[in-house]
Amino acid sequence: MACKFKHRWGSWLLVGLLGSGLISCQKRPQASSETDIEFWTMQLQPEFTDYFNDLITTYETDKTVEITWVDVPWSAMESKILTAVSASTAPDVVNLNPDFASQLAARDAWLNLNDIVSTETRDRYLPNIWLANQYEEQSFGLPWYLTTNITIYNQDILSEADVSVPSNYSELAATARDIKERTGKYGFFITFVPEDTGDVLQSLVQMGVQLIDKDGQAAFDTEAGRKAFQYWVDLYQAELLPPEVLTQGHRYGIELYQSGQTALLSTGAEFLGTIQRNAPSVGAVSAAAPQITGKTGKKNVAVMNLTIPKSSKSPTESLDFALFVTNSENQLAFAKAANVLPSTKEGLQLYQAELTEAGGSDPLSSARRISAEQLPETEVLIPVIRNLPELQRIIYENLQAAMLGQKSTEQAVSDAAATWNAMSNP
């Protein structure tokens, strides 16, 4: 039986409650013959409370299984699952992303799905997405819902600057220069704050940089690495990036776009609807284009998965439930409800067919089609790396030093590589 709210709280109040910790769920009295499966998701209440209550009720029908659903705030999930895994009190099925799940995979926390999921079942998922949930060739998670970034652009600013939407980083630099010279505005915002998004790290991969080698050593102290570092140094020192890129996160970039101060925004398709609500005048002149990439042509995808801890007392039943949540039918239903993308081949085909049938030439419909169409070309750009947050911190801090003129680009790359190698091989 799913956890249910007696009241529909306003979003602002719910965020306050989420910030204080887990939303508690009362379990119903359980028959001794029933198997209890504890299922954790990340901040999906209250918007999708009805969806999951219905999903769980359907699953529990004719089964001696009770699902207890617990929704955890994004900000609290890492600490709570770390604590639970360490204390052997982890839930039976938990919603994470590959980046963090891989950190626990390195501690042998998850069931190896290669041992218990058939090849036929595995082949239902998009192959590039299944590979995103692997650590040392062991599959630690079932793919669930996906998002791919697209480029949202302000048609008025691009028209005033007499430029087109760039498709790669080389064009992006030229476009940013033309926009600044002709309108006084910035082309785009990207954050170099170490604790924020990995967009810059992903850009290095798109530019052809290998981050680490098979032994976990730095592989970016190369000509390609120096060119990629120099790209961002040049943009910053030419004042083609807002100065706040060194101190503000991705949220600030959204604010700049919504206030009409930047021309381009890299984000998920569903966020275009948010812009239209939050900033109607900017939303009215916004349109969508494919994700900007580098010379490799690689495009990034964000993956959410379901993992099963080794400590689960009911691994068979937990896997069965996780497979139910991620089957094509349920993925399609959730993708439509949440404006995300399914990770099964059939689910994606059905989703695209419905988008085509619905038609619509409005910007949001176009954004959703672009997002879905580029999905087969995408991959998780950052490989599974132990201590990935540290690698990002090291690279971002040295990049900042070069951007501020405190180091040469060559020294910044060399120092970053040396620091990472010393940390990874104490």
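The structure presented is a predicted model; accordingly, all values stated were derived computationally and were not measured. (Residues numbered from 1 in each chain as written. Predicted model: local features only at pLDDT ≥ 70, side-chain atom pairs only at ≥ 80, totals over all residues. Heavy atoms only, no water.)

1. Let's talk about the overall build of the protein chain
This is how it is decided: Strands are runs of DSSP state E lasting at least two residues, helices are runs of H or I lasting at least four, and both sets are numbered from the N terminus onward. In this description the radius of gyration comes from C-alpha coordinates, and the expected globular size is given by 2.2 Å times residues to the power 0.38. For the exposure calls, accessible area comes from a 1.4 Å probe over protein chains only, and a residue counts as buried if that area is under 20% of its type's maximum, exposed if over 50%, partly exposed in between. Working rule for contacts: check all heavy atoms of both residues, and any pair within 4.5 Å makes them a contact. Where accessible areas are quoted, they stem from the Shrake-Rupley method and a 1.4 Å probe; at the residue level, only the protein chains shown are allowed to cover.
Counting its regular elements, the protein chain contains 19 helices and ten strands. The C-alpha radius of gyration computed for the protein chain amounts to 22 Å, which stays within 12% of the reference 22 Å derived for 426 residues, consistent with globular compactness. Taken over the C-alpha atoms alone, the protein chain extends approximately 70 × 55 × 40 Å along its principal axes. Within the protein chain, the fraction of its 426 residues that count as buried is 53%. For the protein chain, restricting intrachain contacts to residue pairs at least 6 apart in sequence, the fraction spanning at least 24 positions comes to 75%. Roughly 19100 Å² of accessible area belongs to the protein chain as shown, and the carbon and sulfur atoms make up 48% of that amount.

2. Observations concerning the pattern of salt bridges
The criterion, for reference: The salt bridge definition used is simple: a Lys or Arg side-chain nitrogen within 4 Å of an Asp or Glu carboxyl oxygen.
Using the criterion set out here, one finds eleven salt bridges in the structure. The salt bridge involving E390 is made with R393; its shortest N-O contact spans 2.7 Å. With E390 and R393 both in helix α18 (residues 388–403), this residue pair falls three residues apart, about one helical turn. A residue is classified by how much of its surface remains accessible, and E390, at 28% relative accessible area, is partly exposed. Taking the relative accessible area as the measure of exposure, R393 reaches 27% and is therefore partly exposed.

3. Some points on the pairing of strand β1 (residues 35–42)
For the record, the criterion: Orienting the strands away from the viewer, one traces the path from the first strand over the helix to the second; a clockwise path indicates a right-handed crossover. Here, a strand pair is defined by DSSP locating no fewer than two bridges between the strands.
Of all the eight residues making up β1, seven are buried; the element is thus mostly covered by neighbouring parts of the structure. What joins β1 to strand β2 (residues 65–72) is helix α2 (residues 49–60), and the crossover it makes is right-handed. Pairing of β1 with strand β3 (residues 93–96), which is carried by two bridges, proceeds in the parallel orientation. The residue of β3 that forms the bridge with F39 is V93.

4. Brief notes about the packing of helix α16 (residues 345–358) against helix α17 (residues 363–374)
For clarity, the cut-off: To define axes, lines are fitted to C-alpha atoms, for helices over the stretch in contact only, and angles between the resulting N-to-C directions are given on a 0 to 180 degree scale. Angle categories: roughly parallel below 35 degrees, roughly antiparallel above 145, roughly perpendicular from 65 to 115, and oblique for all the rest. Note on convention: near helix rotated counterclockwise from far helix by under a right angle means a left-handed crossing. Clockwise means right-handed. Amino acids are sorted into nonpolar (Ala, Val, Leu, Ile, Met, Phe, Trp, Tyr, Cys and Pro), charged (Asp, Glu, Lys and Arg) and polar (every other residue, Gly among them).
For the pair α16 and α17, interaxial distance at closest approach is 10 Å and the crossing angle is 150°. Judged by the angle between their axes, α16 and α17 are roughly antiparallel. Of the two possible hands of crossing, α16 and α17 adopt the one that is left-handed. Residues L348, Y351, Q352 and L355 of α16 form the contact with α17, whose own contacting residues are R368, R369, A372 and E373. Its residues assigned to classes, the contact of α16 with α17 comprises four nonpolar, one polar and three charged.

5. Side note on the pairing of β3
Remark: a regular strand shows side chains that alternate across the two faces of the sheet. The side-chain alternation of β3 yields two buried faces, one formed by V93 and N95 and the other by V94 and L96. With three bridges joining them, β3 and strand β9 (residues 299–307) adopt antiparallel strand pairing. In the sheet register, L96 faces β9, and the bridge partner there is N305.

6. Side note on the confidence of the model for the protein chain
For clarity, the cut-off: For every residue, the predictor states its confidence as a pLDDT score lying anywhere from 0 to 100.
Across the protein chain, the average pLDDT comes to 90, with 92% of residues at or above 70. Note on residues 1–24: pLDDT is under 50 here. Beyond four places in sequence and across chains, it has 39 contacts.

7. Here's the deal with the side chain of N133
Within the secondary structure, N133 sits in the loop between α6 (127–130) and β4 (134–135). When its relative accessible area of 0% is taken as the criterion, N133 is described as buried. Discounting residues that sit within four places of it in the chain, N133 has contacts with P98, Q138, S139, F140, G141, P143, V303 and N305.

8. Describing the nonpolar core
What counts here: Throughout, nonpolar core names a set of buried Ala, Val, Leu, Ile, Met, Phe, Trp, Tyr and Cys residues whose side chains join them through atoms within 4.5 Å.
In terms of nonpolar packing, the biggest core is built from 65 residues, with F39, F52, I81, W110 and F334 touching the most fellow members. With residues up to four places along the chain from it excluded, the contact list for F39 reads F52, I67, T68, W69, V70, V93, W144, L306 and F321. With 56 residues, the next largest nonpolar core counts Y169, L246, L264 and M403 among its residues.

9. Here we look at the packing of aromatic side chains
Test applied: Only Phe, Tyr and Trp rings are paired, with Trp represented by its six-membered ring, and only when their centres lie within 6.5 Å; those with planes under 30 degrees apart are stacked, over 60 edge-to-face, the remainder tilted.
Tallied over the entire structure, the rule returns 21 aromatic pairs. Their ring planes at 90° and their centres at 4.9 Å tell us that Y231 and W232 sit as a pair that is edge-to-face. The pair formed by Y231 and W232 is uniform in burial state, with each residue classed as buried. Aromatic ring contacts, followed pair by pair, group F39, F48, Y51, F52, Y59, W69, W144, Y145, F321, F324 and F334 into a single cluster.

10. Description of unusual backbone geometry
The peptide bond linking Q45 to P46 adopts the cis configuration, its omega dihedral lying at 5°. For E137, which is not a glycine, the phi torsion comes out positive at approximately 65°. Its place among the elements puts E137 in the loop between β4 and β5 (138–139).

11. What about the packing of helix α8 (residues 169–183) against helix α10 (residues 223–237)?
Look at α8 against α10: their axes get within 11 Å of each other, and the N-to-C directions meet at 10°. Compared by their axis directions, α8 and α10 come out roughly parallel. Seen from α8, the contacting residues are Y169, L172 and A173; seen from α10, they are Y231, W232 and L235. When grouped by side-chain class, the residues that make up the contact of α8 with α10 number six nonpolar, no polar and no charged.

12. Here we look at helix α14 (residues 315–325)
This is how it is decided: Note: the arc covers the axis-to-C-beta directions of the helix.
Of all the residues in α14, the buried ones are S318, L319, F321, A322 and V325. Along the long axis of α14, the arc covered by the buried residues comes to 165°, so they all point the same way.

13. Some remarks on the side chain of Q331
By the secondary structure assignment, Q331 is in helix α15 (residues 328–338). Of the residues examined, Q331 reaches a relative accessible area of 2% and is grouped as buried. Once residues lying within four places of it in the same chain are set aside, the contact partners of Q331 are Y125, P143, W144, Y145, V325, T326, P342, S343 and T344.

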